[in-house]
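If you want the building blocks of each chain, they are given just below.
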Amino acid sequence: MKLFEYQAKEVFADAGIPVPKSVLITGAGETAAAVGFVGLPCMLKCQVLSGGRGKAGLVKLAKTQAEAEVLAANYFAGVPSLHAVLVEEAVAIERELYLALTMDAPSGRAVLMGCAEGGVEIEQVAAKTPEKIVRETIDLDRGLQPFQISDFVYRLGLRDDALKQVGKLCGALYRAFRSMDAELIEINPLFLTKSGTAVAGDGKLSIDDNSMFRHAAYEKGRPYYASDMEFEAAKEGIPYIEFDGDISLMCAGAGLANTVYDLVNYEGGKVANYLEFGGPNYMKAGTAMRLCLANKPKVILIVTFGTIARADVMAEGITKAVQELKPDCPIVACLRGTGEERVDEIFAPIGLKRLSDTEEAVRKAVAIASGRERA
Amino acid sequence: MKLFEYQAKEVFADAGIPVPKSVLITGAGETAAAVGFVGLPCMLKCQVLSGGRGKAGLVKLAKTQAEAEVLAANYFAGVPSLHAVLVEEAVAIERELYLALTMDAPSGRAVLMGCAEGGVEIEQVAAKTPEKIVRETIDLDRGLQPFQISDFVYRLGLRDDALKQVGKLCGALYRAFRSMDAELIEINPLFLTKSGTAVAGDGKLSIDDNSMFRHAAYEKGRPYYASDMEFEAAKEGIPYIEFDGDISLMCAGAGLANTVYDLVNYEGGKVANYLEFGGPNYMKAGTAMRLCLANKPKVILIVTFGTIARADVMAEGITKAVQELKPDCPIVACLRGTGEERVDEIFAPIGLKRLSDTEEAVRKAVAIASGRERA
Amino acid sequence: MSILIDQNTRVLVQGITGKEGSFWTQHMADMGTNIVAGVTPGKEGQLCCGAPVYHSVRNAVKAHKADAAMVFVPPKFVLDAVMESLDSGIRLIVTLADGIPLHEQAKIRAAALASHAVVIGGNTSGLIAPGKAMMGSIPYWIERVYKPGRIGIMTRSGSLTNEVTAMVVAAGFGVSTLIGVGGDPVPGARFAEFLPAFEADDETDAVVIIGELGGTMEEEVAEAIASGRFTKPLVSFLSGRTAPPGTRMGHAGAIITGGKGSVEDKTRLLESVGARVARRPREVGSLLKAALGERN
Amino acid sequence: MSILIDQNTRVLVQGITGKEGSFWTQHMADMGTNIVAGVTPGKEGQLCCGAPVYHSVRNAVKAHKADAAMVFVPPKFVLDAVMESLDSGIRLIVTLADGIPLHEQAKIRAAALASHAVVIGGNTSGLIAPGKAMMGSIPYWIERVYKPGRIGIMTRSGSLTNEVTAMVVAAGFGVSTLIGVGGDPVPGARFAEFLPAFEADDETDAVVIIGELGGTMEEEVAEAIASGRFTKPLVSFLSGRTAPPGTRMGHAGAIITGGKGSVEDKTRLLESVGARVARRPREVGSLLKAALGERN
């Protein structure tokens, strides 16, 4: 679960990491009071989860209260489903750093990463000048040891007071990473201010979904999703992503779903939505089909190859869903695996014919979507 | 630093380990109120650090308030330098266990120890029927893992509810062990009550002396020492133990001091006090000699073989101490090591002659103490 | 010869008396797996699927010299179950649960490395040496997928494994050992670690890797080939070739981050060391034929 | 040949610029020790006792291939200093500080075992191969104690070591290597672990152990002899033979607990495997003569 910047900064503050003075506003009417509290100039930062907010114009500086009020009004009026804006003191910056913690799969250790150039897109630094990224891996049982911090901040090029301050901050960041069961925790940029302190300029924190039972205080409501349907799907526990194509996928398992997504693209088709109909969700055909239909696709493409997720049970669900939802688009169904021999019989009432070859099914769906073929 | 039972039980209670209801009283006049609070029958337990309180009659059951008041009065009147008595609810016991945590030197791990027979002298169980003691060693980085607790309590012979309760208690005990920097933490006996709960009947906890900087709340005042002089010595940082003999030792280093202690005994002498005059204390001759003289010894036996603890510096200190304290007993001084060649010259004003053989020095001291020889 | 397991592997089942545990233990036994004991705290003395049940792994190992552990416990107890088997000296552990907390996945991986143990999973259906033994939840009834043969298979997926393996079998091959390392971001075991065993196995002619975008497991395979640690033919199918960067589609580990982990990059790397990479599942069979033909 | 160190050992000094650190580094250098670098955070680029100073052990090891570390830091920083050197691959570490917290002593010991490293101390004056090299705070000016020769010595004490070693030298012998494992209850290294090296050392004829009541280090030595891992003559002096049980006299580890660790028991055990145990320091010399005479 990705947290919003303001939530990440709440975690930082609790962990003892300095953050700028700020007020979260949920409507333009609160802007004046917020500016009064944080002072001028100030930053207005849209609380959205997508990256590249700066480039998208979703983070801007206001020098006057009037400027701030106009900005806030424009944001709340113009940014789709924006729920809050963070009004934040503008910090006098001496320099910027990058700092992050994530998990290193091969070693099973946490990895602390830093870069002496902050505010940049770290992916580009990693790709072009990987030697600029400083790394320290951490044994989770032993924790981040003092000597590791000392060496890390030294390699980051920090000295004297900045070395001590950022070092202390690394310790706090690691404790937050552990206590939050974070996948990723990132401060980019980390400000070194003209007054000589280190302050988190931005904050990213995503909590591991498998660990949410330890973080029940965070409820993943509508603002955390890109669309209403993604929110609906998540409530049902169904992995679901919307795209702008016209072929809705209902596929078993992540690997097979990704493969079908690729094959659709190879054949010149475009996907309307990714949807996993396998694993724990193989009995949810009705809900899955409703989520697909919401995108008004030209065809629904079902591909499964299940063992525990029985093909006959899925066929029964699909049949029932078709009877209830009466989809106005054709369905292509390639069902294999346990119970596959009963599928044709189950499909008979809805006139659906089982295919048994993935590529054949994909080609058929693409042909239908492109109008070259009728179901 | 050994804690008193009532302090250990405060730590237990904070860690979530059930303890009997109790009131600490510091005078017999508080008995009635304490009994009123904990109920009858109740236990009166002298808060002393020596072992074997039961055998020594320092823990007794009172069935009536009158009995409790008489007991308390006798304790406060009769037990030397007793500072407090714990008045504790008498728990209805189903059975007793032994539980302890300490450090295992060869592995560098903590070791959880248990015995299905509690209340006994665990040393005797260890010596006679070691198979009755169940052990589980714990990696300090990983901590006490759930599967270890489960196996440990099962091996202790516990089942069902008792297994779960004692298991939970083991987890709490380990957390207390770690957070207190304990050398030893012991519950003996651990009561399993008739109502089916586990309750700490007694509590021993000693904090590692090297870790006291992390436990500044505990001040080691007079009640923690066997005598005024041991308290005085501790305040000076000088290792010092009183015995009932007549030869006071002032020896450099634990190993050499123990050796001299042995040699004195071999020769038929008796030690008045052990005192380490080496390491960080080699410049404290005056204080050391004052601590020795407090025992009114027949002779002070000084044996050193120092390198960093220079013999000449020690000789200067001894000379000054003799001039100031004017001891009325003879001194035997065997000083070797750095600067030894200057010692005779330094001793000249006080008429002391340096010996250079430990055994010769010991024999001389014993002869003096026994009256066979004069200084 | 299969790698890792066969009829002689002495398997202990943790969580044997649970619903899932007893169901799959019976299937494992039916497929020839040598189930020597089970473990469920508090149930020592019972029998389950014909196997004696113990309170702890220590007791079970002491009595039955088990050398592999199959873990059927809920995700949040997996770390403890794995640590328990490692503590008793077991060096092959398979854990299926989907939903192990990430930081516990990492602890499992680190403990496996520190103990020089193989911990397969989580988020997998396990491990099978068709015709010999199975540890996991791989059903024996799909013979057109799990047909015995001479191809080693390693995979990060579930259904896609059936898809690809069916192509391998359709091309006339069979499976020597199939290892599902699982779809978690920090799996307990990684592809490249099994290559030496496949290399040494005289009943494995070639290896098929079913990978996907994200992570570095495929890159490690390429490195093993480049360094000469693996010399048999290797064919790979990778899903997520057209997946949009930064979007998490499916497995938590299947995401392109830091500009790394794209299927393009993985393909380039694998092909640069002589491995074959199929663009479609169907091609796996023909690439295998080509690779083995070239070799012979 | 000495064991553990000689003129070629490349010693790095942690905490080199401190008062104690620089004082003893100079003495170590004067005694022939090859000091290649020092470490003090924040002081990279300085020189101390002729050695270049680095911010971290990693930097120092990278530049100078140090293979031993001498730790001069206050007790509560010792654990981190030891972990830092272990992290850089150093496998011989000597730490003198008296006052390391017990739980950190244990972590040091556990880390030493896990890394297959030798961590000598704390609460010791260190390690000397007389005439070759010294790591610690053993002054070179007492020649009648640290005379080069063919007797290996291991000790838990300080002053008592001078007392006993002087007797060894007075009897006509000298010291090949002297190792002070220290007086802490959980020392980083234990007597028995050095016996194989002394056994293999062709410049060591016999070993003297200076032990005391408490703990099990002497028992482990007896076990090594019993199992045939050490076959050279061994003479021991143990202090605390008449110490009252349960009283802590001196070292925190020097206490009889659980009815175990008495000098009587240790003596019985050592003598039962053929080791000689002196009742008085003076006897060590004559027992050594007897042991070596018998052997030759």
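Residues numbered from 1 in each chain as written. Chains lettered and ligands numbered in written order. Predicted model: local features only at pLDDT ≥ 70, side-chain atom pairs only at ≥ 80, totals over all residues. Heavy atoms only, no water.

Caption draft 1: Representation of the overall build of chain C in the model. Secondary structure summary: chain C contains nine helices and 14 strands in total. Relative to its length of 296 residues, chain C is compact, with a C-alpha radius of gyration of 19 Å against a globular reference of 19 Å. Along the first, second and third principal axes, the C-alpha atoms of chain C reach 55 × 40 × 30 Å. Sorting the 296 residues of chain C into buried and exposed places 64% on the buried side. (Helix = DSSP H or I, 4+ residues; strand = E, 2+ residues; numbered from the N terminus. Rg over C-alpha atoms; globule rule 2.2 N^0.38 Å. Buried < 20%, exposed > 50% of the residue type's maximum accessible area, 1.4 Å probe, protein only.)

Caption draft 2: Summary view of the overall build of chain A. Along its length, chain A carries twelve helices and 16 strands. Looking at chain A as a whole, 56% of its 375 residues qualify as buried. Put simply, 66% of the contacts in chain A that link residues at least 6 apart link residues at least 24 apart. Charged side chains of chain A number 42 positive and 50 negative; the gap between the two group centres comes to 2 Å. (Contact = heavy atoms within 4.5 Å. Lys, Arg positive; Asp, Glu negative; His and termini not counted. Charge placed at Lys NZ, Arg CZ, Asp CG, Glu CD.)

Caption draft 3: Structural detail: the interface of chain C and chain A. With 52 residues of chain C in contact, the opposing surface of chain A contributes 47 residues. Of all residues in chain C, His103(C), Met249(C) and Arg280(C) give up the largest surface area on contact with chain A, accounting jointly for 18% of the area buried on that side. Seen at the junction of chain C and chain A, the total is seven salt bridges. Where chain C touches chain A, the interface holds 19 residue pairs in polar contact (both at pLDDT 80 or more). Elements with a minimum of two residues in the side of chain C that touches chain A: α4 (102-115), α5 (159-170) and β13 (234-239) of chain C. No other element matches α4(C), which puts nine residues into the side of chain C that touches chain A. (Buried area = accessible area lost by both parts, 1.4 Å probe. Salt bridge = Lys/Arg side-chain N within 4 Å of Asp/Glu carboxyl O. Polar contact = N/O pair within 3.5 Å; in protein donor to acceptor, adjacent residues only side chain to side chain.)

Caption draft 4: A look at the packing of helix α2 (residues 31-38) of chain B against helix α3 (residues 65-78) of chain B. Residue and element names in this part refer to chain B. Put simply, α2 and α3 touch, their axes get as near as 9 Å, and they point 135 degrees apart. On the basis of the axis angle, α2 is oblique to α3. Two packed elements cross with a definite hand, and for α2 against α3 that hand is right-handed. In contact with Thr31, Ala32 and Val35 of α2, α3 contributes Gln65, Ala68, Glu69 and Ala72. Per-class residue counts for the contact of α2 with α3 are four nonpolar, two polar and one charged. (Axes fitted to C-alpha atoms, helices over the stretch in contact; angles between N-to-C directions. Parallel < 35°, antiparallel > 145°, perpendicular 65-115°, else oblique. Left-handed = near helix turned anticlockwise from the far one by under 90°. Nonpolar A, V, L, I, M, F, W, Y, C, P; charged D, E, K, R; others polar.)

Caption draft 5: Expanded view of the sheet that holds strand β2 (residues 34-39) of chain D. All names here are of chain D. If you walk across this open sheet you meet the seven strands as β3-β4-β2-β1-β5-β6-β7, and the pairing is mixed. Because the sheet does not close on itself, it has two edges, and the strands there are β3 (47-48) and β7 (118-121). As judged from the four bridges shared by strand β6 (residues 92-95) and β7, these two strands associate in the parallel manner. Each residue of the ladder has a partner; that of threonine 95, found in β7, is glycine 121. (Pairing = 2+ DSSP bridges.)

Caption draft 6: Summary view of the interface of chain D and chain B. With 52 residues of chain D at the interface, the matching set in chain B holds 47 residues. Summing both sides of the interface, chain D and chain B together bury roughly 4000 Å²; the carbon and sulfur share of this comes to 56%. Interface area lost by chain D to chain B is led by His103(D), Met249(D) and Arg280(D), which between them contribute 18%. Where chain D touches chain B, the interface holds seven salt bridges. Counting every contact that joins chain D to chain B gives 19 residue pairs in polar contact (both at pLDDT 80 or more).

Caption draft 7: Expanded view of the domain arrangement of chain A. Here chain A is partitioned into domain 1 (21-89), domain 2 (93-214) and domain 3 (231-370). Relative to domain 2 of chain A, the C-alpha centre of domain 1 of chain A lies at a distance of 27 Å. (Domains from an automatic or database assignment.)

Caption draft 8: Region of interest: unusual backbone geometry. Of note, the amide linkage connecting Asn188(B) to Pro189(B) takes the cis form, showing an omega dihedral of 10 degrees. We note that Leu4(D) has phi near 70 degrees; this positive angle belongs to a residue other than glycine. Take Leu4(D): it is sitting in the segment before β1 (10-14). Positive phi outside glycine occurs at Asn123(D), with the angle close to 60 degrees. As for its position among the elements, Asn123(D) is in the loop between β7 and β8 (126-129).

Caption draft 9: Focus on the packing of helix α8 (residues 254-266) of chain A against helix α12 (residues 358-369) of chain A. Residue and element names in this part refer to chain A. Close contact between α8 and α12 brings their axes to 9 Å; oriented N to C, the two are set at 50 degrees. In terms of their interaxial angle, α8 and α12 are classed as oblique. For α8 against α12, the interelement crossing comes out right-handed. Here Val260, Leu263 and Val264 of α8 come into contact with α12, specifically with Thr358, Glu359, Val362 and Val366.

Caption draft 10: Seen up close, the pattern of salt bridges. All names here are of chain B. Taken as a whole and assessed by the stated rule, the structure comprises 84 salt bridges over all chains. Two residues, aspartate 181 and arginine 214, come together in a salt bridge whose shortest N-O distance is 3.0 Å. Placement of the pair is aspartate 181 in the loop between α6 (160-179) and β8 (182-193) and arginine 214 in the loop between β10 (204-207) and α7 (228-236), with a sequence separation of 33 residues. Since its relative accessible area comes to 5%, aspartate 181 is described here as buried. Overall, arginine 214 belongs to the partly exposed group, its relative accessible area being 36%.

Caption draft 11: Fine view of α8(A). All names here are of chain A. Compared with the 18 Å implied by 1.5 Å per residue over 13 residues, the 18 Å span of α8 between its first and last C-alpha is a close match. Among the 13 residues that make up α8, eleven are buried, leaving the element largely enclosed by the rest of the structure. Turning to α8, its buried residues number three or more, namely Ala254, Gly255, Leu256, Ala257, Asn258, Thr259, Val260, Tyr261, Asp262, Leu263 and Val264. One or two steps after α8, the chain reaches glycine 268, where phi turns positive at roughly 90 degrees. (Expected span 1.5 Å × (residues − 1).)

Caption draft 12: Spotlight on the sheet that holds β8(D). Across the sheet, seven strands lie side by side as β9-β8-β11-β10-β12-β13-β14 (chain D); this open sheet has mixed pairing. The sheet is open, and its two borders are formed by β9 (133-136) and β14 (276-278) of chain D, each paired with just one other strand. Each strand axis lies, on average, 15 degrees off the axis of its neighbour in the sheet, ignoring direction. Against the sheet, helix α8 (residues 254-266) of chain B touches β12 (206-212) and β13 (234-239) of chain D, its axis set at about 80 degrees to β13(D).

Caption draft 13: Layout of the domain arrangement of chain C. All names here are of chain C. For chain C, the domain assignment lists domain 1 (1-123) and domain 2 (145-296). On a C-alpha basis, the centroid separation for the pair domain 1 and domain 2 is 26 Å. The partner domain 2 presents 23 residues to the 17 residues of domain 1 that form the contact. One can count one salt bridge joining domain 1 with domain 2. For arginine 109, the salt bridge identified is with glutamate 193, shortest N-O distance 2.6 Å. Seen at the junction of domain 1 and domain 2, the total is eight residue pairs in polar contact (both at pLDDT 80 or more). At six residues, α4 tops the list of elements feeding residues into the side of domain 1 that touches domain 2. Residue classes in the side of domain 1 that touches domain 2 are distributed as eleven nonpolar, five polar and one charged.

Caption draft 14: Examining the side chain of Gln145(B) more closely. With respect to the helices, strands and loops of the structure, Gln145(B) is situated in the loop between β7 (133-138) and α5 (146-155). Residues within four places of Gln145(B) in sequence aside, it is in contact with Asp80(C) and Met83(C).

Caption draft 15: Highlighting the side chain of Thr161(C). Within the element layout of this structure, Thr161(C) appears in helix α5. Thr161(C) has contacts with Tyr146(C), Thr155(C), Ala166(C), Leu178(C) and Ile210(C), leaving out every residue within four places of it along the chain.

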